[in-house]
Structure formats: structure tokens, C-alpha cells
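Spelled out, the chains give:
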Amino acid sequence: MKAPQRSYRGKSSEARRAERRRQFIEAGCTVFGEVGFHAATVKQLCQAAGLTERYFYESFRRREALFGACYDETLDVLLREITAAVLAARPRELSSIARAGLSAFFTAIQQDRRMARIILIEIYGVPYDQERLFRRSIGRFADLVQQIALKSDLDARGAPFDVELLATGLVGVCVQMAQRWIIDGYRQPPERLVDNCMLIFDGLNDRLDAAGR
């Protein structure tokens, strides 16, 4: 028979562990976002979380594991913001929808620079599985682009394009522009980035329309 969990201040041990894990994720988003992955130490992370190293290793085997959790957290926040902007876009045309999503993307990474650093800069310096990186970031963004900004029935119409590859390529363009923007210190307004990305989106969309006729 399993022994009942002991509670402390009305919380079970499992709930307290989950709370400590959440504290470390919040601390990690701050520390990794401010000083970077390689400069961050377990001691710094513990100080930011207000917990001891014992509790760090209770939740995470190493810094990479905490970074992964922070990466997932910030990526989810960013995707929710983009999705909300896309759903609210008016008029419901491909160009307007794509512009709304791009505007949400560039505005979010300008307003939350810790998020930008974790998702777009630090991730490439962490000893991470590249397939895992693709599926959790580029892949998810490409799926979103494919749903909102490209014709999904090209194969059925016999057009000589691979929609999946095109969506991935468009995401790559936006990511590269964003990385350059961050490294240059956000010198241009977000609208400038959106306009430049839209040149590519609109040009490709026109080409796809012509191919589908």
C-alpha cells in the first residue's frame, strides 16, 4: 500500500516539487536571457530562483535541461502571441494574415529581449540535438506558415513546388533577419523587418498563384 504524501502548509510534496521547478524555469528565463547560456552558472540560477543546488538537481540533471525547459516556455509564449495576431487579422486575406503574424513576431522579440536571446541566439550555442531543435522551433513555425500563408493544395494542382520546404525556407529567412536585427541592436523599427519579409512572402504568393492557374 502506497504511503500517503506528507503535506506542508497545505501543499503535497509533489506540488512543492512542481513549484520549485517553476521557480527555476522563471529564474532560467531571466538569467539565460540576460547573460547567456555559457555565462550562466548553477549557482547564479539557484540564487535567482531563491533555492539551493539540492533543489536544482531535483528537477534538472544539468543546465542544458533547464535551458530546454526555458526554451520551450518562451517558444510557447511567442507562438501564442503570433497565433492570436493571425486569428485577429482583418481582412482575412493571405497577405493581411501573414503581415499580422510577422508583426507579432518582430514586436514580441523587440519587447522581450530575453525571449529573443534564448530563442534566436543562445539556442545555437547549446549542445542540443539538432532534430529536436528543428521540431520544437523551425518545424512548428513552418507548420504555422504553411497553414496561414501558403496554398496548401499545390500538390493536388500539380504545381512543381514542395509546400513544406517553402514554408521552412520562409521561416529561415525571417529567423536570419531577426538574428541580424538583434545583433545590430534593433536599429530598425519592427515595421521595417515586416516590410522586407513581406516582399518575399508576397512575391512567392504571386508566383504560386500564377503556377496554380
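Refer to the structure above for everything that follows.
Counting from 1, residues in each chain are numbered in the order their sequence is written. Confidence filtering applies because this is a predicted model: local features only for residues at pLDDT of at least 70, side-chain atom pairs given and counted only at 80 or more, and all residues used for totals across whole chains, interfaces and linings. No hydrogens and no water enter the side-chain calculation; it runs on all heavy atoms of the structure.

Novice: Looking at this model, I keep getting lost on the pattern of salt bridges. Mind explaining?
Specialist: Between side chains of opposite charge, a pair can form when the charged atoms approach closely. Each salt bridge in this description consists of a side-chain nitrogen of Lys or Arg and a carboxyl oxygen of Asp or Glu lying within 4 Å of one another. For the structure on display, the rule yields 8 salt bridges. For the salt bridge of Glu64 with Arg62, the shortest nitrogen-to-oxygen distance reads 3.9 Å. Burial status follows relative accessibility: with a 1.4 Å probe on protein chains alone, a residue under 20% of its type maximum counts as buried, one over 50% as exposed, and anything between as partly exposed. By relative accessible area, which is 15% here, Glu64 ends up buried. A relative accessible area of 53% places Arg62 in the exposed class. Salt-bridge contacts for Arg117 lead to Glu122; the nearest nitrogen and oxygen are separated by 3.0 Å.

Novice: How should unusual backbone geometry be read in this particular structure?
Specialist: Leaving glycine aside, a negative phi is the common case for residues, and trans is the common case for peptide bonds. Of the consecutive residues Arg90 and Pro91, the connecting peptide bond is found in the cis state with omega at -5°. Labels follow the DSSP assignment, with helices taken as runs of H or I lasting at least four residues and strands as runs of E lasting at least two, numbered in each case from the N terminus. Note on placement: Pro91 falls in the loop between helix H4 (63–88) and helix H5 (94–111). Unlike most non-glycine residues, Tyr186 shows phi in positive territory, near 55°. Tracing the chain through its elements places Tyr186 in the loop between helix H9 (163–183) and helix H10 (190–212). By relative accessible area, which is 10% here, Tyr186 ends up buried.

Novice: Before we go on, may I ask you to explain the packing of H5 against helix H6 (residues 113–121) in this structure?
Specialist: When two helices pack together, their arrangement is given by the angle between their axes and by how far apart the axes lie. For the pair H5 and H6, the least separation of the axes is 5 Å and the interaxial angle reads 110°. Comparing their axes, H6 and H5 come out roughly perpendicular. Contact residues: Phe105, Ala108, Ile109, Gln110 and Gln111 in H5; Arg113, Met115, Ala116 and Leu120 in H6. Orientation is described by axes fitted as lines to C-alpha atoms, over the contacting stretch for helices, and by angles from 0 to 180 degrees between their N-to-C directions. For this classification, under 35 degrees means roughly parallel, over 145 means roughly antiparallel, 65 to 115 means roughly perpendicular, and everything else is oblique. Residues are treated as being in contact if the distance between any of their heavy atoms lies within 4.5 Å.

Novice: For this particular structure, what's the right way to read helix H2 (residues 42–49)?
Specialist: Residues separated by three or four positions in an α-helix point in the same direction, a consequence of the helix having 3.6 residues per turn. Looking at H2, one finds that the buried residues are Val42, Leu45, Cys46 and Ala49. Axial view of H2: buried residues confined to an arc of 100°, hence all on one face. Residues of H2 that are exposed and angled more than 90 degrees away from the buried face: Lys43 and Gln47. Its buried side turned inward, H2 meets helix H1 (13–35), helix H3 (53–59) and H4. Gly50 lies just past H2 and shows a positive phi near 75°. The directions from the helix axis to the C-beta atoms are what the arc is built from.

Novice: Where do I start with the packing of aromatic side chains in this structure?
Specialist: Where two aromatic rings form a pair, the distance of their centres and the angle of their planes describe that pair. Between rings of Phe, Tyr and Trp, where Trp is taken as its six-membered ring, a pair exists when centres lie within 6.5 Å; planes separated by under 30 degrees are stacked, by over 60 edge-to-face, and by other angles tilted. Evaluated as defined, the whole model comprises 10 aromatic pairs. Members of the aromatic cluster, each reached through a chain of ring pairs, are Phe105, Phe106, Phe141, Trp181 and Tyr186. Positioned above the aromatic ring of Phe37 is the side chain of Arg63, whose terminal nitrogen or guanidinium carbon lies 4.3 Å from the ring centre. Lysine NZ or arginine CZ positioned within 6 Å of the ring centre and within 35 degrees of the ring normal marks a charge as sitting over the ring.

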